[in-house]
Structures are given as structure tokens and as C-alpha cells.
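Inside the fold
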Amino acid sequence: MTHTAPAPSPAELAAAVPGLAEYLRPATLLNPYAAQPVPGASGIGGPALWPVGAPWPHCTARHPEDEYLIPRSAPVTPAVGTALVPVLLIRAEDAPHLPWPDGTDLLQVLWCPNDHDDIQGERYYYGPAVRLHWQRAAELAPATPPPPARSAAEYLPQPCALRPEQLLDLPDRDDLPGELARAVAEFAERRGIEYERDHGRADGWKLGGWPSWHCTDLVPIDCARCGARMTHLLTAESGDDPDLSLGRHGELHVFVCPVDPAHPVGLDIQG
Ligand SMILES: [Zn+2]
Ligand SMILES: [Zn+2]
């Protein structure tokens, strides 16, 4: 190897390959580390904020594990359900590029910490049921969510504080039109770099930017409500901080509808 030049940044790559610049997307790498988040600050695994007097959300889905306890033919649905757990709290200033609905400045990502195999619009998904709550910090107070009635330990995040880092992200070639993907591959070959590994699509807990398709080919994620092609909102990764295991120790992608962020999220697990 005689090539010693550093790998180009996503912005340099986008400037070098015509047509690539329009695929640059802002992203926030979260860089979680084990620590109690400051109440009200961005963090993983709580503490939660919630409107005073409003009920904490529950999942009333039938979980695959319930099959062992209640036959599917039984006309029984859990009356109360399983309390969702706080996964991620983000203040708008830490991820200003997200599609914040008017008047909101805080996003809480909650999930039901159990497997689900029949989420509407998710044909191949098996994992936690995710919900987004776009909120206004001034209307929230510290809350102590009830513990979930049932949970899988690998879906219970340990508390982490964050070191948010703003960057620009480029997609895997799977997300590019064929001609542009070929131009990127030729450029990478001339420069002696591996696009998918070197170009700077950031790995790890991330808001915005682009998802990795390292396990499957691209899976188009369309909104179950309106059919729009959805946008990557969050990558949650397996690993020590915050001690989750998603899929086969892979990563979970949450997608949001570009028409209305209140539409149900899209979900995908890679490995
Ligand atoms: Zn559930
Ligand atoms: Zn939609």
C-alpha cells in the first residue's frame, strides 16, 4: 500500500462526485456513556418527563411469548397492558435538524420492551414496539413510569448520558440510484478507499442521517398510514452502553413519515 492520503470526509466526497451532494444529510451522533443523565437533559434510559396528570402510555399488543400463557383463540386482551420504558430523550438544541413539529422542543422515544411480530405495516419485523412523543418541555414534569408488567432484559436500556456530535452523513450505495452508486464506486477505486467503510456514514447511536444496510439489501420503508417513503430518524445500537441487544446483537432503525411525524413509525432491524 503506497496510498497514505486520509479518507475524504463526506463533504469532500460529495464535492468530488457530481450529484452526490444532494444526499448529504445532517445527523447527530449521540456517543452514549454510562452515567445518570441530568434530569431534563438529553439522555438514554430515563429519567422521563411527562405532562402532569396524563396517563403513562402502555402497550396492549399480544406478545409472542404470551402464546405460552394464553391461547390465541382465547378472547382475552390485557386490560392494562405493559408500561412502555423511556429509551431516549432529546432536546431540540441537540438535534436541530429533526422534523420538529411546530411548538415542540423535546422528543421522547419510548418502547415496549418485548418482542412483537404483528405491528401494523411491519411484515418482517420482530422486536420492541417503538413510539415517538414530540413534546414541549415547558409542559412536562419529572415522571416515574410504572415498571413494565413483562420485559426482555435485552430491551431495558441502562442510563446513559450523551455527547451529541453534529455531522454530515452520506448513504450506503444501496440508497443511491444505480448510476450514482457506480460513480461513487469508481471514485473510491481511484482513491483506494472503501466507500461503505471509509466515507463517513457514522456508525453508532444516531439521529437523522442515513441507516446502514449491512445485513440485508435496502428495505424500502413506507408509511403504513399514507404510503410516503419514510426517513431515517434513529439508529439504536447493541452494546455495552446502554447495554442492549437488538436482533442478533445488531441495530434497530426507526423511520419517521416526512408528511406527518405523528404517523406510526417504521421499524427495521439489521442483524
Ligand atoms: Zn408490547
Ligand atoms: Zn405518513
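Structure's up top.
Because the structure is predicted, anything quoted here is derived from the model rather than measured.

**Focus on the coordination of the zinc ion (ligand 1)**
Protein coordination at the zinc ion (ligand 1) comes from Cys59 (SG), His63 (NE2), Cys112 (SG) and His116 (NE2), with a distance range of 2.0 to 2.3 Å. Considering all four donor atoms around the zinc ion (ligand 1), the spread of angles at the metal, 101 to 117 degrees, places the coordination shape in the tetrahedral class. In this structure His63 comes out as buried when scored by relative accessible area, which is 2%.

**A short note on unusual backbone geometry**
In this structure, the amide linkage connecting Gly46 to the following residue, Pro47, adopts the cis form with an omega of 0 degrees. One non-glycine residue, Asp243, adopts positive backbone phi at about 65 degrees. Of note, Asp243 is situated in the loop between strand 14 (231-237) and strand 15 (251-256). Unlike most non-glycine residues, His249 shows phi in positive territory, near 55 degrees. Mapped onto the elements of the fold, His249 is located in the loop between strand 14 and strand 15. With a relative accessible area of 51%, His249 lands in the exposed category.

**What about helix 2 (residues 178-191)?**
Here helix 2 spans 20 Å end to end across 14 residues, near enough to the 20 Å set by a 1.5 Å rise per residue. Where helix 2 is concerned, the buried positions are Leu180, Ala181, Val184, Phe187 and Ala188. Buried residues along helix 2 cover an arc of 125 degrees about the axis, so they all sit on one side. Among the exposed residues of helix 2, those pointing more than 90 degrees away from its buried face are Glu179, Arg182, Glu189 and Arg190. Where helix 2 ends, the next residue or the one after it, Gly192, has phi of about 70 degrees, a positive value.

**Comments concerning the sheet that holds strand 13 (residues 206-208)**
Strands sit in the order 12-1-13-14-15-16 across an open sheet of six strands; the sheet is antiparallel. The open sheet has two free edges, formed respectively by strand 12 (165-169) and strand 16 (266-270), since each of these has just one partner strand. Across the sheet, the mean angle from the axis of one strand to that of its neighbour is 20 degrees, orientation sign disregarded. As defined by bridge partners, strand 15 adjoins strand 16 across five bridges and the pair is classed as antiparallel. Each bridged residue has a counterpart across the sheet, and for Val254 the counterpart in strand 16 is Leu267.

**Focus on empty space enclosed by the protein**
Taken as a whole and judged by the stated rule, the model has two cavities of 30 Å³ or more. Roughly 40 Å³ of internal volume is contained in the largest cavity. Per element, the largest residue contribution to the lining of the largest cavity is four residues, and it comes from strand 7 (residues 85-91). Broken down by class, the residue content of the lining of the largest cavity amounts to six nonpolar, four polar and no charged. Reported here for the second largest cavity is a volume of approximately 30 Å³. Lining the second largest cavity, in full, are Arg201, Ala202, Asp203, Gly204, Lys206, Trp210, Pro211, Ser212, Thr235 and Glu251. The residue inventory of the lining of the second largest cavity, partitioned by class, reads three nonpolar, three polar and four charged.

**Brief notes about the sheet that holds strand 7**
Ordered by their spatial adjacency, six strands build an open sheet running 2-11-3-7-8-9, and the pairing between neighbours is antiparallel. The open sheet is flanked by strand 2 (33-34) and strand 9 (127-135), the only strands paired with a single partner. As paired elements, strand 8 (residues 106-116) and strand 9 share eight bridges and run antiparallel to each other. Paired with Val109 across the two strands is Leu132, which belongs to strand 9.

About the cut-offs
- Residues numbered from 1 in each chain as written.
- Chains lettered and ligands numbered in written order.
- Predicted model: local features only at pLDDT ≥ 70, side-chain atom pairs only at ≥ 80, totals over all residues.
- Heavy atoms only, no water.
- Donors = N, O, S within 2.8 Å, 3.2 Å for Na, K, Ca; no water.
- Tetrahedral: all angles 85-135°; square planar, octahedral: opposite > 155°, others 65-115°.
- Buried < 20%, exposed > 50% of the residue type's maximum accessible area, 1.4 Å probe, protein only.
- Helix = DSSP H or I, 4+ residues; strand = E, 2+ residues; numbered from the N terminus.
- Expected span 1.5 Å × (residues − 1).
- Arc of directions from axis to C-beta.
- Pairing = 2+ DSSP bridges.
- Axes fitted to C-alpha atoms, helices over the stretch in contact; angles between N-to-C directions.
- 1 Å grid on protein atoms, 1.4 Å probe; cavity = no way out; pocket = protein on both sides within 12 Å on 5 of 7 lines; lining within 4 Å.
- Points joined across faces, edges and corners; volume = space filled by probe spheres on them.
- Nonpolar A, V, L, I, M, F, W, Y, C, P; charged D, E, K, R; others polar.

What is shown is where atoms sit, not what they do.
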